[in-house]
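# Results of the structural survey
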Amino acid sequence: MRVERVVIAGAGLAGLRTAEELRSSGFQGSITMVGAELHPPYDRPPLTKKFMTGELDDTTLAADPEALGLDLRLGEAATGLGEAVLHTDRGEHAFDALVVATGASPVGLPGNGRQRFLRTLDDARELRSALRPGTRLGVVGGGWIGGELATAAARRGCQVTVVEAAPAPVAGALGVQVGAWMAPWYAESGVDLLLGQPVESVEPGGLALPGGGWLAADQIVTAIGVRPQVGWLAGSGVTLADGIAVDERLRTSVPGVFAVGDCAAFISRRYHARLRVEHWDCALHAPEVVAANILGGDKTYDPVPYFWSEQFGRMVQYAGHHTGADRLIWRGDPAGREWTACWLSGTGPGDGAGPGDGAGTGDAERLVALLAVGRPRDLVQGRRLIAAGLPVDPARLADPAIAVRDTAGGGG
Ligand code: FAD
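A few points on the structure. (Residues numbered from 1 in each chain as written. Predicted model: local features only at pLDDT ≥ 70, side-chain atom pairs only at ≥ 80, totals over all residues. Heavy atoms only, no water.)

## Focus on helix α3 (residues 121–130)
Inspection of α3 places Leu121, Ala124, Leu127, Arg128 and Ala130 among the buried residues, and these make up the whole buried set. Looking at the buried side of α3, the elements it contacts are α2 (50–53), α4 (144–155) and β15 (219–222). (Buried < 20%, exposed > 50% of the residue type's maximum accessible area, 1.4 Å probe, protein only. Helix = DSSP H or I, 4+ residues; strand = E, 2+ residues; numbered from the N terminus. Contact = heavy atoms within 4.5 Å.)

## Concerning the site of the ligand
Surveying the vicinity of the ligand reveals 34 residues, the closest of which are Glu37, Arg44, Lys49, Arg119 and Asp262. Backbone polar atom of leucine 13 to an oxygen atom of the ligand: 3.2 Å apart, as the coordinates give it. In this structure, arginine 44 approaches the ligand through a side-chain N or O atom, which is 2.6 Å from an oxygen atom. Contributions of two or more residues to the shell around the ligand are made by α1 (13–24), β2 (30–35), α4, α8 (280–294) and β21 (306–311). Class assignment of the residues belonging to the shell around the ligand gives a composition of 17 nonpolar, nine polar and eight charged. (Near = heavy atom within 4 Å. Polar contact = N/O pair within 3.5 Å; in protein donor to acceptor, adjacent residues only side chain to side chain. Nonpolar A, V, L, I, M, F, W, Y, C, P; charged D, E, K, R; others polar.)

## Remarks on the pairing of strand β4 (residues 78–82)
Here β4 runs beside strand β5 (residues 85–88); their pairing, made up of four bridges, is antiparallel. Bridging across to β5, alanine 78 finds its partner in threonine 88. Between the antiparallel neighbours β4 and β5 lie two residues, among them alanine 84 with a positive phi of about 55 degrees. (Pairing = 2+ DSSP bridges.)

## Quick word on the nonpolar core
In terms of nonpolar packing, the biggest core is built from 69 residues, with Val6, Leu86, Val100, Ile244, Leu250 and Ile294 touching the most fellow members. Considering every element that reaches this core, the biggest residue donor is α8, with eight residues. Every residue in contact with valine 100, bar those within four places of it in the chain, is listed here: Ala9, Trp232, Leu233, Ile244, Val257, Phe258, Ala259, Val260 and Cys263. Core analysis: the next-biggest nonpolar cluster, separate from the first, contains 41 residues, Tyr42, Leu137, Val170 and Val191 among them. (Core = buried A, V, L, I, M, F, W, Y, C linked by side-chain atoms within 4.5 Å.)

## Describing the pattern of salt bridges
For the structure on display, the rule yields 24 salt bridges. Put simply, arginine 114 and glutamate 126 hold a salt bridge, and the shortest N to O gap is 3.1 Å. With a gap of twelve residues between them, arginine 114 in the loop between β8 (104–106) and α3 and glutamate 126 in helix α3 connect regions that are remote in the sequence. Since its relative accessible area comes to 51%, arginine 114 is described here as exposed. For arginine 314, the salt bridge identified is with glutamate 188, shortest N-O distance 3.2 Å. Within this pair, whereas arginine 314 is found in strand β22 (residues 314–320), its partner glutamate 188 is found in helix α7 (residues 183–188), the two being separated by 126 residues in sequence. (Salt bridge = Lys/Arg side-chain N within 4 Å of Asp/Glu carboxyl O.)

## Details of the packing of aromatic side chains
One pass over the structure, following the stated rule, counts nine aromatic pairs. Plain terms: the ring middles of tyrosine 186 and phenylalanine 312 are 4.4 Å apart, the flat faces sit at 50 degrees to each other, and that makes the pair tilted. Of this pair, tyrosine 186 sits in helix α7 while phenylalanine 312 sits in the loop between β21 and β22; the two residues are 126 residues apart in sequence, bridging distant segments of the chain. Overall, the relative accessible area of 1% leaves tyrosine 186 in the buried class. Accessibility expressed as a relative area gives 6% for phenylalanine 312, which makes it buried. Both rings, one in phenylalanine 266 and one in tyrosine 301, keep their centres 5.0 Å apart while their planes meet at 70 degrees; by these two values the pair is edge-to-face. On the criterion of sequence distance, the pair formed by phenylalanine 266 in strand β19 (residues 264–268) and tyrosine 301 in the loop between α8 and β21 is long-range, its members being 35 residues apart. Neither residue differs from the other here; phenylalanine 266 and tyrosine 301 are each classed as buried. Between the NZ or CZ atom of arginine 128 and the centre of the ring of phenylalanine 51, over which it lies, the distance is 4.0 Å. (Phe/Tyr/Trp six-rings, centres within 6.5 Å; stacked < 30°, edge-to-face > 60°. Lys NZ or Arg CZ within 6 Å of the ring centre and 35° of its normal.)

## A look at the environment of aspartate 43
Summarising the element assignment, aspartate 43 is placed in the loop between β2 and α2. Sequence-wise, aspartate 43 and methionine 1 are 42 residues apart; in three dimensions their C-alpha atoms are separated by 34 Å. Apart from the residues lying within four places of it in its own chain, the contact partners of aspartate 43 are Thr59, Leu61 and Trp280.

## A few points about the environment of alanine 168
With respect to the helices and strands, alanine 168 occurs in the loop between β10 (159–163) and α5 (171–174). Taking relative accessible area as the criterion, alanine 168 reaches 0% and is therefore assigned buried. Between the alpha carbons of alanine 168 and tyrosine 42 there is a distance of 32 Å; along the sequence they are 126 residues apart. Setting aside residues up to four positions removed in sequence, alanine 168 forms contacts with Val176, Gly179, Ala180 and Leu195.

In structure tokens form, the structure reads like this:
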């Protein structure tokens, strides 16, 4: 079917990039993009970083809706899906292809106190103006966002306490063994970190802890994770599975409907899993695949996911995907300022075969993920090795003096 009308639900990075990719691929039909927020598409990563410290005030993405021929409808929310038509709180938009890019929204805690979140520009603007020297800030959640906010708030002179239910920061993403090495970073920056400490509720003036405990705070930010913004698709026929279930081509269960970015859970052949990746890099690149497939192409999306964070003055970068079953080895001393954690899997395809091509199981160990702290070269080279799926020599990989790229091919 000839596609003449594309509608995009969600005016974030993934939505905007989809419009850009369509145009750069020569699409001349109409593109309508609806966004629930009043702001034109903007970048979120700086909100916890330079925006929060006050070094940056505008994170609007460089794009000209007019030059893109984009019918951008801000302050308009998608509410449902009909037969080739998107329903919104302002009306409806008929489409030949629909791209859902509605992102994710923060999970809250029970209680009657005011809990702030950090997802939108408005959230960040309000929080920033509430953070003054001496403000007692309670952050629930020692994940990436909690750590970044603590970094910025400490720089603003706040008294910051981060409360984390797990035994280590970022344990959900990295595991306790690696996350534990980040715990001392908090104290170095004058931030209190309470580990293994669940929070019962947010109450006026503080956090209620189990057993009658109490943490007084002037401002409270809940940063315990996000959920995909897909409630509006309930009953639409689009299959939901921790987000919108899409195939390798980012197609949903409804013909002509695609999903991309934080809301999309795609099938990764590389990792033999359905992944929903809440990373900027995914929202940046996956739209290339969506746009190509809308225009009749046959592209698959199977990236080595990449993420970065700035934690307490350190650049932290992660590439790949690992599970608790993968073997962890270190490059460098994790007590120092620069080190890399590598995860190896021995369950990949046999020697010489590409990843995920079903060529059989071999014993050679392969790099499946790495976390580089202050070692960007390790990250770049490691990401390439993961993509190539070559066996690595674990002994050489454990030597930080040997370039990651020079560890390929050996060992096995
Ligand atoms: P979003 O950016 O969430 O955009 C979705 C848009 O859709 C939103 O504007 C939303 O309002 C709108 N919307 C929702 N529902 C509807 C509806 N029903 N109708 C219409 N519009 C709707 N990633 C990194 O890799 N590194 C980082 O350092 C990093 N830092 C981050 C810091 C913060 C504070 C946050 C919040 C995120 C950070 N991320 C980071 C994650 C990264 O920003 C996201 O992965 C990326 O924004 C996802 O883009 P998206 O377009 O899929 O979703």
